[in-house]
Amino acid sequence: AVVSTQSGHYGRAHPFAIEEELREAEEEAEAEEGFSYLEDEEEKIMMGESMAEDEIIDLEKRQMEVEESEGEDDETIEVERRKYKPDPLPEGGTDPSAVYAHETVVKARAMAHLLKFQNVVATCRFILFKDFKDFYEAKHHCENVEWPFTHNGIGIATILNEYENTDARHLLQAGFGLKILGGPYSRLNWAWIGLTKVLNNKGKLPKDQRGAKNYNREEWRWADGNIKPNDFHKWARKMPDQQCSKKFGECQTWVMINKRGTWDDTYASMKAPFLCNYCGKYIVVATPRSWYKAKALCESYGLEMAIVNSKEENEEIGWAANITFNYEPTHPERWNKMNWIWLGTEEVMDSNDEGTGEWKHWNGKKLEFDPDWDRKDQPDNWTKRRGEQSKVAFSRINKKWDDSFYWKKRPFACQCPKRGCNFTHQEQAGNYGKGK
């Protein structure tokens, strides 16, 4: 556990006291500089107040610019100019306050304030990777993200109904914000999904065969080849139109979704963020927060603070953390805050506000399994003036637990009220996010 030079309940001196005091001094010297302004804005969000979209300069530099290739006819160029015109907001309201008041949009908007700063973002059904890749690179990446229990790749996103489409839309909003960024052509507003056209996919479509009314699901397949499209689709106005490009040497037979939830056919060589399927329970937020702040944020997102009640769930939350941090190495300093993730588990306190040695979750239910604590003397209930170590932090290094002080700022884990898919379906097909 993270400890103090002060004695604990039993008057012990701790061998890591000096290390802890140095670390405490650094944290106090930081004086909230790194994150205090974010917490102020979070309070505004949770109170329903409006805020301006932060600039994402580094991402804007990466956005794709639509280029006109030499030799393309004027009609193709004009279509490309018009193609990504934003659609009206699907909620139907024209007043932004009406949109923000929509329950699910408020949650996406609240999540966006922190999650747009991390490169990998998840909902209960999909994972958004913000790296720009072409379709085949994106598909390969998703197929190589292995689920820890079946060791199958999770696969590029499959969307079969309105619920899944809404979830994908909210994920893009959470990852990049609600506003259109950089204009309608910006790939910060779009992400790859796994739908491809496999029949009648050569050459430019005649005008009378374009648009959703002419969409023939038998001509399309989801990327894994085993799932055929059903009647559900969400094509943008006049799409799909299957234009062809001499520059790219291909036609538009692959599909992206935008943050308004509409689909468009485009070229496989275009680079954009991408969505993978996910059947996970846990969503990890990389921005450090105190334990109580983390719990409140999870609830403001429509989620719950993470509960781990088995070895399998302990393994899963470690996997979710690795995905969130994009498999980046842990910090070389063992007790660095970025190596530890808050869980929703705490010690039962007595009438004197001292630990009893029993552990429960935030919902009052008892801890149901015996976790591996980080060192043989953990949990050790060390005490400072502000209180004792009574909240659980999960180690990214070894997936073990530690008791810690509630005011420490760490990344934190939320959990979905229920999974977005069915494990039996996963194990049989190796495809996630497709069942109910």
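Higher on the page you've got the structure.
Quick look at the structure, then. (Residues numbered from 1 in each chain as written. Predicted model: local features only at pLDDT ≥ 70, side-chain atom pairs only at ≥ 80, totals over all residues. Heavy atoms only, no water.)

### As for the packing of aromatic side chains
Tallying each qualifying case throughout the model produces 21 aromatic pairs. Seen in terms of ring centroids, Phe-248 and Tyr-267 are 4.8 Å apart; in terms of plane orientation they differ by 45°. Their pairing is tilted. Separated by 19 residues along the polypeptide, Phe-248 in the loop between strand 5 (244-245) and strand 6 (250-251) and Tyr-267 in the loop between strand 8 (263-266) and strand 9 (272-277) bring together distant segments of the chain. Owing to a relative accessible area of 28%, Phe-248 belongs among the partly exposed residues under this scheme. Accessibility expressed as a relative area gives 2% for Tyr-267, which makes it buried. Ring centres of Trp-359 and Trp-373 lie 5.2 Å apart, and the angle between their planes is 45°; this geometry places the pair in the tilted category. Of this pair, Trp-359 sits in strand 13 (residues 355-361) while Trp-373 is found in the loop between strand 13 and strand 14 (383-384), placing the two residues 14 residues apart along the sequence. For the pair Trp-359 and Trp-373, a shared accessibility class is recorded, and that class is buried. Three or more aromatic residues link up through ring pairs in this structure, and these residues are Tyr-215, Trp-220, Trp-222, Phe-232, Trp-235 and Trp-263. Over the ring of Trp-335 we find Arg-334, and its NZ or CZ is 5.7 Å from the ring centre. (Phe/Tyr/Trp six-rings, centres within 6.5 Å; stacked < 30°, edge-to-face > 60°. Helix = DSSP H or I, 4+ residues; strand = E, 2+ residues; numbered from the N terminus. Buried < 20%, exposed > 50% of the residue type's maximum accessible area, 1.4 Å probe, protein only. Lys NZ or Arg CZ within 6 Å of the ring centre and 35° of its normal.)

### A short note on the state of the cysteines
Here the structure, examined in full by the defined rule, presents four disulfides. Disulfide pairing places Cys-244 opposite Cys-251 at an S-S distance of 2.0 Å. Classification of the bridge connecting Cys-244 and Cys-251 rests on its S-S torsion, roughly 95°, and on that basis the disulfide is right-handed. Residue classification places Cys-251 among the buried residues on the basis of a relative accessible area of 13%. Between the sulfur atoms of Cys-298 and its disulfide partner Cys-414 the distance amounts to 2.0 Å. Taking the torsion about the S-S bond as the criterion, the Cys-298 to Cys-414 disulfide, at about -85°, is left-handed. (Disulfide = S-S within 2.5 Å.)

### Notes on the pairing of strand 3 (residues 190-197)
Across the eight residues of strand 3, eight count as buried, placing the element largely inside the fold. Judged by which residues are buried, strand 3 turns out to be covered on both faces: Trp-190, Trp-192, Gly-194 and Thr-196 on one side and Ala-191, Ile-193, Leu-195 and Lys-197 on the other are all buried. Bridge count between strand 3 and strand 7 (residues 254-258): four bridges; the pairing is antiparallel. Its bridge partner being in strand 7, Thr-196 is matched across the sheet by Trp-254. (Pairing = 2+ DSSP bridges.)

### Concerning helix 10 (residues 311-324)
Counted at 1.5 Å a residue, the expected span for helix 10 with its 14 residues is 20 Å, and the 20 Å between its end C-alpha atoms agrees. The element helix 10 is largely enclosed, with a buried count of 10 among its 14 residues. Burial in helix 10 covers these residues: Glu-313, Asn-314, Glu-316, Ile-317, Gly-318, Trp-319, Ala-320, Ala-321, Ile-323 and Thr-324. Asn-326 sits one or two positions beyond helix 10 and adopts a positive phi of about 55°. (Expected span 1.5 Å × (residues − 1).)

### What to know about the side chain of Thr-123
Assignment of secondary structure puts Thr-123 in the loop between strand 1 (120-122) and strand 2 (126-133). Side-chain polar atoms of Thr-123 contact the side chain of Asp-167, separated by 2.6 Å. Beyond its immediate sequence surroundings of up to four residues, Thr-123 is in contact with Asp-167, Leu-171, Tyr-278 and Ile-283. (Polar contact = N/O pair within 3.5 Å; in protein donor to acceptor, adjacent residues only side chain to side chain. Contact = heavy atoms within 4.5 Å.)

### Overview of the environment of Glu-137
If you trace the backbone, Glu-137 turns up in helix 7 (residues 135-143). For Glu-137, a relative accessible area of 34% puts it in the partly exposed group. When the C-alpha positions of Glu-137 and Ala-268 are compared, they lie 9.6 Å apart, and in sequence the two are 131 residues distant.

### Description of the environment of Asp-374
Topologically, Asp-374 is positioned in the loop between strand 13 and strand 14. By relative accessible area, which is 6% here, Asp-374 ends up buried. When the C-alpha atoms of Asp-374 and Asp-403 are compared, they prove to be 9.2 Å apart, with 29 residues separating the residues in sequence. Apart from the residues lying within four places of it in its own chain, the contact partners of Asp-374 are Arg-334, Trp-335, Trp-340, Asn-398, Lys-400 and Trp-401.

### Quick look at the pattern of salt bridges
Counted under the stated rule, the structure contains 13 salt bridges. Arg-217 is the salt-bridge partner of Glu-218, the closest N and O atoms lying 3.9 Å from each other. The partner of Arg-334 in a salt bridge is Asp-374, with the nearest N and O atoms 2.6 Å apart. Taken together, the positions of Arg-334 in the loop between helix 10 and strand 12 (340-349) and Asp-374 in the loop between strand 13 and strand 14 put the pair 40 residues apart, joining distant regions of the chain. On the basis of relative accessibility, which here comes to 25%, the residue Arg-334 falls in the partly exposed class. Through salt bridges that share partners, Arg-217, Glu-218 and Asp-231 make up one connected network. (Salt bridge = Lys/Arg side-chain N within 4 Å of Asp/Glu carboxyl O.)

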